[in-house]
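Structural overview for review
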Amino acid sequence: MEDAYILQMEGSKFQDLYLCHCGISECRAGHSFGPAVRPNYIIHYILSGKGIFQVGDCKYCLCQGQGFLIEPETVTFYKADRQQPWTYLWVAFDGQRAKAHLQDLGMDSAHPIFQNGQGEAMREVVLRMLKQNSFFQEHQYHLQSLLYEFFAVLARNVQQMEGIARGEKESIYVQQAVAFIRNNFSRGIGVADIAGHVCISRSYLYKLFEEYLGVSPKEFLTQFRITRSKDLLTVTDLSVEGVAMSCGYGDAMVYSKTFKRIMGVPPSVYRKENRRDVQERLLGQEQRIKDIMKHFD
């Protein structure tokens, strides 16, 4: 089952592109739809949670910030996760130029999955759609403008996920995981958080990292944090405790032990040795600049 807020249109005076229905659904655990076909195009965008979408032989595990396209008369199936069921918005539309507008965004049967960071903006547009009364002519024109606004929001930073072939899908999972680490390593995230963001199991994430990067997700995260901490040790005056916290370590002792295991020396020693090298390089650069400037005196 699902709790849904829906606007249903009854015909349209527009021909090129027109709204059929739209809504926002908060799905219960395991709620599914299909296998079924739809008479028009539908874009679903996941606001929170996760689930699966299947079209033909391709099955996608999707989560917040991602979406999928359903094309007319195409058999599809989608299902909310049992642990973190998704809440999504959808916009159904059709028209003589509907396919062309989708192609402008890079969406078609070969590329039904996309990623977009404009979730709040899309949600706001759909909420405004739901407030309209489709029986009034004024509201019909307003709904038409909101449909184009929805496409404009989609066009801001839509990224197609080219996951048709198995290898391509797996590569995308790794790319998403690495991006999540890069943007969140300072927050104390763990492997479970990374797997949850990508919507795959920890064991499968481990397999992909070993296959594509040659290290486990935990070791990759550790290496990333230590590399970042090396920069902070040499170019800032943060204490070792401050560096540890900035790199996602809640315990400075754990950070120091990890740093020594990887680098062979404690953070304080690394700082002294490498800060001296940095200062010498800077002094050398300063002297070279002075020498160059003498030619212009």
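Keep in mind the model is a prediction, meaning the values are calculated, not measured. Numbers given to residues run from 1 along each chain, matching the order in which its sequence is written. In keeping with the predicted nature of the model, local features appear solely for residues at pLDDT of at least 70, side-chain atom pairs appear and are counted solely at 80 or more, and the whole-chain, interface and lining totals rest on all residues. The side-chain numbers reported here are obtained from all heavy atoms of the structure, hydrogens and water having been left aside.

1. Digging into the overall build of the chain
Helix and strand definitions follow DSSP, with helices as H or I runs of at least four residues and strands as E runs of at least two, each counted in order from the N terminus. Of regular secondary structure, the chain possesses 10 helices and 11 strands. Within the chain, the proportion of its 297 residues that are buried is 43%. Working rule for contacts: check all heavy atoms of both residues, and any pair within 4.5 Å makes them a contact. Of all intrachain contacts in the chain linking residues separated by at least 6 positions in sequence, the fraction that spans at least 24 positions is 72%. In short, Shrake-Rupley with a 1.4 Å probe defines the accessible areas, and a residue's cover is counted only from the protein chains shown. A total accessible area of about 16000 Å² is found for the chain, and carbon and sulfur atoms account for 51% of it. Relative accessibility thresholds used throughout: buried, under 20% of the residue-type maximum; exposed, over 50%; partly exposed, between the two (1.4 Å probe, protein chains only).

2. Observations regarding unusual backbone geometry
In this chain, Gly-34 is followed by Pro-35 through a cis amide linkage whose omega measures 0°. Looking at the secondary structure, you find Pro-35 in strand β3 (residues 32-36). Look at Glu-73: it is not a glycine, yet its phi comes out positive at around 60°. As for its placement among the helices and strands, Glu-73 is situated in the loop between β7 (66-70) and β8 (76-80).

3. Let's talk about helix α9 (residues 252-263)
Taking 1.5 Å of rise per residue, 12 residues should cover 16 Å, and α9 covers 16 Å from first to last C-alpha, within 8% of that figure. When α9 is considered as a whole, its buried residues turn out to be Tyr-255, Thr-258 and Phe-259. Taken end-on, α9 shows its buried residues confined to a sector of 100°, consistent with a single buried face. Exposed side of α9, more than 90 degrees from the buried face: Met-253, Lys-257 and Arg-261 are the residues found there. For this analysis, a polar contact is any N or O atom pair within 3.5 Å, provided that within protein one partner can donate a hydrogen and the other can accept it, and provided that sequence-adjacent residues contribute only side-chain to side-chain pairs. The N-capping residue of α9, defined by a side-chain oxygen 2.8 Å from the backbone nitrogen of Met-253, is Asp-251. The first or second residue beyond α9 is Gly-264, which carries a positive phi of 90°. In this analysis, the expected span of each helix is defined as 1.5 Å times one less than the number of residues it contains. The directions from the helix axis to the C-beta atoms are what the arc is built from.

Coordinates in, geometry out; function isn't part of it.
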